[in-house]
Amino acid sequence: MPLPFLTADRAFDTTDHVALPFDDHDQWRRPYRPGSWRVGAAALALLLASFVLLAAVIIAAAGAFSGALATFGIAALVIAAALRVLRMGAWVSRAGVRRVGFFSTVTVPWAKVTSVRTTQQPVRWLGLPRTVQGQALVLDRQVGEQLLLLTDHNADFLSRVEAFDRAADTVEAWNAEYGVVPAATR
């Protein structure tokens, strides 16, 4: 029994190209669903945080309030890390493209983007130091720097080649719609 109201990619299944009522291009949005590796890691971190919170309650009930406070702090850090892992990735809006990492966020306005392209290059496997040959969505800036937006071996797209292709096409379409059109040479 299909439940279309529960699917996140229902907008891709439509044949007409009419914007949906909730399709507000001023809001930052991720042009793809988070991958199972990212969601699984966050779920395990939240499971660990629940056990740490239970330990903090037991420590507080035993009367060691300083230890309970420290344990609550550790649980809060684990919960914040799990939520940050879920936020990581590429986000787009009418204002530009944003690359959210664990410790830093880089926002590039569309006016400063020269191109967005998919390339074959060595990419990191699940963000670890090991590199493998794969595809990457690279953003070229006007100042000559490159920003790696997505790879087909990160936590969102490992074993999901079609999802990577669809996400890369979506970001390239946002660039085509809101990016600066290069002047034609005469």
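In this report, the structure presented in the accompanying data block is examined. (Residues numbered from 1 in each chain as written. Predicted model: local features only at pLDDT ≥ 70, side-chain atom pairs only at ≥ 80, totals over all residues. Heavy atoms only, no water.)

Remarks on the sheet that holds strand S3 (residues 105-109)
Okay, step 1: The three strands lie next to each other as S1-S2-S3, forming an open sheet whose pairing is antiparallel. Sheet topology places strand S1 (89-93) and S3 at the edges, where each strand pairs with a single neighbour. Averaged over neighbouring strand pairs, the angle between their axes works out to 15 degrees when direction is ignored.
Okay, step 2: Where strand S2 (residues 96-100) lies against S3, five bridges are found, and the strand directions are antiparallel. Directly across from Val-97, in S3, lies its bridge partner Val-108. (Pairing = 2+ DSSP bridges. Helix = DSSP H or I, 4+ residues; strand = E, 2+ residues; numbered from the N terminus. Axes fitted to C-alpha atoms, helices over the stretch in contact; angles between N-to-C directions.)

Here's the deal with the sheet that holds strand S6 (residues 146-151)
Okay, step 1: Taken in spatial order, the three strands of this open sheet run S4-S5-S6, and their pairing is antiparallel. What marks the edges here is a single partner per strand, and that holds for strand S4 (113-124) and S6. Here the strands of the sheet are splayed against their neighbours by 30 degrees on average, with no regard to which way each runs.
Okay, step 2: Bridge count between S4 and strand S5 (residues 131-141): eleven bridges; the pairing is antiparallel. Across the sheet, Gln-120 pairs through a bridge with Gln-135, a residue of S5.
Okay, step 3: The strands touched by helix H3 (residues 161-178) are S4, S5 and S6; relative to S4, the strand with the most contacts, the crossing angle is about 160 degrees. (Contact = heavy atoms within 4.5 Å.)

So yeah, pure geometry; function would need other evidence.
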